[in-house]
Amino acid sequence: MLIVSNTNLKGRGIFAQKHFLKGEIVERSPVVVIPAEQVEFLDKTILGNYYYDWEDKAAALALGFASLFNHSYEPNTYYVKKFAEGEVELIAYRDIEAGEEITANYNGSPNDKSPIWFDVVNEISSLRN
């Protein structure tokens, strides 16, 4: 249902291979929780750009696609951290067409326009056939 492919400006991205309806689960990924006392070391590696903030100041690296979605201030998904289950779910914020890039707002809320730690590229990507 999802595929990794290249975007024009953002490097690789995750793209829908089917139509998703608003509210549908797009991805559910288990996470590896990194204890709070190890996060400072994680931040010194390339993986520092791929984890979710987790409970008790820990970090969580999602397996599957959930750590690879690109950021957007106009996302088509939002994520839910499921601490007890050790999972992250990405849920369609609106209908998503097949071939459309799947994006999430890294601030957590789809409407949060707060700056993030890198310069945002404004690009709408679709899978090229």
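Above this text you will find the structure in question.
Residues numbered from 1 in each chain as written. Predicted model: local features only at pLDDT ≥ 70, side-chain atom pairs only at ≥ 80, totals over all residues. Heavy atoms only, no water.

1. A word on the overall build of the chain
- When you go through the chain residue by residue, the secondary structure sums to 1 helix and 9 strands.
- Taken from the N to the C terminus, the helices and strands of the chain come in the order β-β-β-α-β-β-β-β-β-β.
- Going through the 129 residues of the chain one by one, you find that 40% of them count as buried.
- Across the chain, contacts joining residues at least 24 apart in sequence account for 66% of those joining residues at least 6 apart. (Helix = DSSP H or I, 4+ residues; strand = E, 2+ residues; numbered from the N terminus. Buried < 20%, exposed > 50% of the residue type's maximum accessible area, 1.4 Å probe, protein only. Contact = heavy atoms within 4.5 Å.)

2. Details of the pattern of salt bridges
- Per the counting criterion, the structure on display carries 5 salt bridges.
- For Lys18, the salt bridge goes to Glu24, with nearest N and O atoms at 2.8 Å.
- Of the residues examined, Lys18 reaches a relative accessible area of 26% and is grouped as partly exposed.
- Ionic pairing is found between Glu100 and Arg94, a salt bridge with its closest N-O pair at 2.4 Å.
- Since its relative accessible area comes to 15%, Glu100 is described here as buried.
- Taking the relative accessible area as the measure of exposure, Arg94 reaches 34% and is therefore partly exposed.
- Connected through salt bridges with shared partners, the residues Arg28, Lys82, Glu87 and Glu89 form a single ionic network. (Salt bridge = Lys/Arg side-chain N within 4 Å of Asp/Glu carboxyl O.)

3. Here we look at the side chain of Asn76
- Locating Asn76 in the fold gives a position in the loop between β6 (70-71) and β7 (77-82).
- A polar contact is formed between the side chain of Asn76 and the backbone oxygen of Glu101, at a distance of 2.7 Å.
- Setting aside residues up to four positions removed in sequence, Asn76 forms contacts with Ile91, Ala92, Tyr93, Arg94, Ile96, Glu100, Glu101, Ile102 and Thr103. (Polar contact = N/O pair within 3.5 Å; in protein donor to acceptor, adjacent residues only side chain to side chain.)

4. Some thoughts on the nonpolar core
- By size, the foremost hydrophobic cluster in this structure holds 20 residues, and its most contacted members are Tyr52, Val88, Leu90 and Ile102.
- Every element with two or more residues in this core is listed here: β2 (12-16), β3 (25-34), β5 (59-62), β8 (87-92) and β9 (101-104).
- Per-element tally for this core: the top contributor is β8, with 3 residues.
- Those residues in contact with Val88, other than ones at most four positions away along the chain, are Glu27, Arg28, Ser29, Val31, Tyr52, Trp54, Ala66, Tyr79 and Val80. (Core = buried A, V, L, I, M, F, W, Y, C linked by side-chain atoms within 4.5 Å.)

5. Side note on the environment of Asn105
- Here Asn105 is to be found in the segment after β9.
- Put simply, Asn105 and Ser72 are 33 residues apart on the chain and 5.2 Å apart in space, counted from C-alpha to C-alpha.

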